[in-house]
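Understanding the architecture of this molecule
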Amino acid sequence: MGAAIFLRCPLVPDVNDSPDHLVAIAALAEELSGIEEVTLEPYHPLGVEKAERLGRQGTWKCRNFPLPERVNAWRRAIASRMRKRVVVA
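Residues numbered from 1 in each chain as written. Predicted model: local features only at pLDDT ≥ 70, side-chain atom pairs only at ≥ 80, totals over all residues. Heavy atoms only, no water.

A word on the sheet that holds strand β2 (residues 35-42)
Short version of the rule: By this definition, two strands are paired if DSSP reports at least two bridges between them. Counting from the N terminus, the helices are the DSSP runs of H or I reaching at least four residues and the strands are the DSSP runs of E reaching at least two. As a rule, the C-alpha atoms of each element are fitted with a line to give its axis, helices using only the stretch in contact, and angles between N-to-C directions run from 0 to 180 degrees.
Spatial ordering of the open sheet is given by β1-β2-β3, a layout of three strands whose pairing is parallel. Since the sheet does not close on itself, it has two edges, and those belong to β1 (5-11) and β3 (85-88), each with one partner. For this sheet, the mean inter-axis angle between neighbouring strands, taken without regard to orientation, is 25°.

Shown next as structure tokens:
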């Protein structure tokens, strides 16, 4: 229908940031028509402490923000495999 699509991709270190996953994101963005931009959304642990205070038990593997170098590596890995813009939220 011609709509502009912005593909938003939450990335969690050591959960869904493997090289294969990043390649798959790029392939999907290239395959689908209408995708104008891929937006990477790095994991943030801001809700973990609140969930724990509320008594919610979780199995949070990642308790820290990913380092900027890691986020930039994700962006480069995806951008190098496609022609569309890749940004970090």
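Notes on the pattern of salt bridges
We count it as follows: Any carboxyl oxygen of Asp or Glu that lies within 4 Å of a side-chain nitrogen of Lys or Arg is treated as forming a salt bridge with it.
The tally for this structure, following the rule as stated, stands at seven salt bridges. The shortest N-O distance in the salt bridge between Arg70 and Asp14 comes to 2.9 Å. In this pair, Arg70 is assigned in helix α3 (residues 68-79) and Asp14 in the loop between β1 and α1 (19-31), connecting sequence segments 56 residues apart. A salt bridge links Glu30 to Lys84; the nearest nitrogen and oxygen atoms lie 3.8 Å apart. Here Lys84 lies in the loop between α3 and β3 and Glu30 lies in helix α1, a separation of 54 residues in the sequence. The network of salt bridges with common partners includes Asp14, Asp17 and Arg70.

Observations concerning the nonpolar core
Spelled out, the test is: Residue types Ala, Val, Leu, Ile, Met, Phe, Trp, Tyr and Cys, when buried and joined through side-chain atoms within 4.5 Å, form a set referred to as a nonpolar core. Summary of the burial criterion: residues with accessible area below 20% of their type's maximum are buried, those above 50% are exposed, and those between are partly exposed, where the area comes from a 1.4 Å probe applied to protein chains only. Two residues form a contact once any of their heavy atoms are found within 4.5 Å.
Core analysis: the biggest nonpolar cluster contains 15 residues, and Ile25, Val38, Leu40, Ile78 and Met82 have the highest contact counts within it. Contributions of two or more residues to this core are made by β1, α1, β2 and α3. Sort the elements by how many residues they give to this core and α1 lands first, with four residues. Aside from chain neighbours lying at most four places away, what touches Ile78 is Leu22, Ile25, Ala26, Leu40 and Val86.

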